[in-house]
Amino acid sequence: ASSGFSDAFFQGSSLIFVSELGDKTFFIATILAAKASKLLTFAGCAGALAVMTVLSVLIGQIFHQVPPSLTQGLPLDDYVAVASFLFFGVKAILEAYKLDSSSDGAGIEEEREDAEKVLEEAGTGTKSGWPIVIEACTLTLAAEIGDRSQIATIALAAADPCGVALGGTAGHCLATGMAVLGGSFISKYFSERVIGFLGGALFLV
């Protein structure tokens, strides 16, 4: 049981952390932290991601509890999980392979621009204090729905729900902490190719 928990925690934290680097939610936290309190921004963004992680684990558990009589004894949740990880792993590696030195980072810059557009439309520049926490929470939840990190959490949930929930939350908090403390500076040193190869390898493993 202890081994299962530690494996699930490591898988959840590592996959989520790499998936979130340079993602839209990463830059939402970065931009908000530059306009308002870093602590309140972290509370809103990390809190939203923690809630989303728990909800994703619950969704994964619901799929895992489907009666065998409905699936004719086939572990459909396992098949879906394997297919999802294969898809995201191969997709990330192929996309990273196609990048050359001149276009490395273009995708990350696109995510930053999407985050800036979302925040501009939400009018966050006129808000301060606790409204920023609510805004950060709402925008992060909206950006995270359907994201590959959410799907990865749902797929992993069958292994050890507590380990995946805590690991996924830890991965989110680490990435969000980096974004809040110095996302603009740190993102300049991100290599989209390295993140793609590393993330793809983790999904396949």
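In every chain, residue numbers begin from 1 and rise along the written sequence. The model is predicted, so local features are restricted to residues of pLDDT at least 70 and side-chain atom pairs to those at 80 or more, both for listing and for counting; the totals for chains, interfaces and linings are taken over all residues. To obtain the side-chain values, all non-hydrogen atoms of the structure were used and water was disregarded.

**Quick look at a nonpolar patch on the surface**
Point 1. Patch membership is restricted to residues that have no salt bridge and whose relative accessible area is over 30%. Joining uses 9 Å for like charges and 5 Å for the nonpolar side chains Val, Leu, Ile, Met, Phe, Trp and Tyr. Each accessible area is a Shrake-Rupley estimate made with a 1.4 Å probe; only the visible protein chains count as cover when residues are assessed. In what follows, salt bridge is the name for a side-chain nitrogen of Lys or Arg lying within 4 Å of a carboxyl oxygen of Asp or Glu. A contiguous nonpolar surface patch, about 420 Å² in accessible area, is contributed by Val82, Leu86, Val90, Leu94 and Leu204.
Point 2. Along the chain, the position of Val82 falls in helix H5 (residues 76-98). Think of it this way: any DSSP run of H or I at least four residues long counts as a helix, any run of E at least two long counts as a strand, and we number them from the N terminus.

**Digging into helix H6 (residues 106-122)**
Point 1. A rise of 1.5 Å per residue sets the reference length of H6, with its 17 residues, at 24 Å; its end C-alpha atoms lie 24 Å apart and thus fit the reference within 8%.
Point 2. When accessible area is computed with a 1.4 Å probe and restricted to protein chains, residues below 20% of their type maximum are described as buried, those above 50% as exposed, and intermediate ones as partly exposed. Within H6, the full set of buried residues consists of Gly107, Ile108, Arg112, Ala115 and Leu119. All buried residues of H6 project into a common sector of 150° when viewed along the axis, lining one side. Residues of H6 that are exposed and point over 90 degrees away from its buried face: Lys117, Glu120 and Glu121.
Point 3. Packed against the buried residues of H6 are helix H2 (24-35), helix H7 (130-144), helix H9 (161-187) and helix H10 (192-204). Between the first and last residue of a helix there are one fewer steps than residues, each counted as 1.5 Å, and that sum is the expected span. To be clear, the arc concerns the directions from the helix axis to the C-beta atoms. By definition in these notes, contact holds between two residues if any of their heavy atoms fall within 4.5 Å.

**Some points on the environment of Asp77**
Point 1. Here Asp77 is to be found in helix H5.
Point 2. Residues Asp77 and Gln61, spaced 16 residues apart in sequence, show a C-alpha to C-alpha distance of 9.4 Å.

**Digging into the nonpolar core**
Point 1. Buried residues of nine kinds, namely Ala, Val, Leu, Ile, Met, Phe, Trp, Tyr and Cys, make up a nonpolar core once their side-chain atoms join them within 4.5 Å. Within the largest apolar cluster, 21 residues are counted, with the highest numbers of intra-cluster contacts made by Phe26, Ile28, Leu32, Leu119, Phe190 and Ile195.
Point 2. If you list the elements that add at least two residues to this core, you get H2, H6, H7 and H9.
Point 3. Residue contributions to this core peak at seven residues, all from H2.
Point 4. Beyond its immediate sequence surroundings of up to four residues, Phe26 is in contact with Glu20, Leu21, Ala175, Met178, Ala179, Gly183 and Phe190.
Point 5. Counting residues in each nonpolar core, the second largest holds 13 residues, with Leu15, Phe85, Phe88 and Ala155 among its members.

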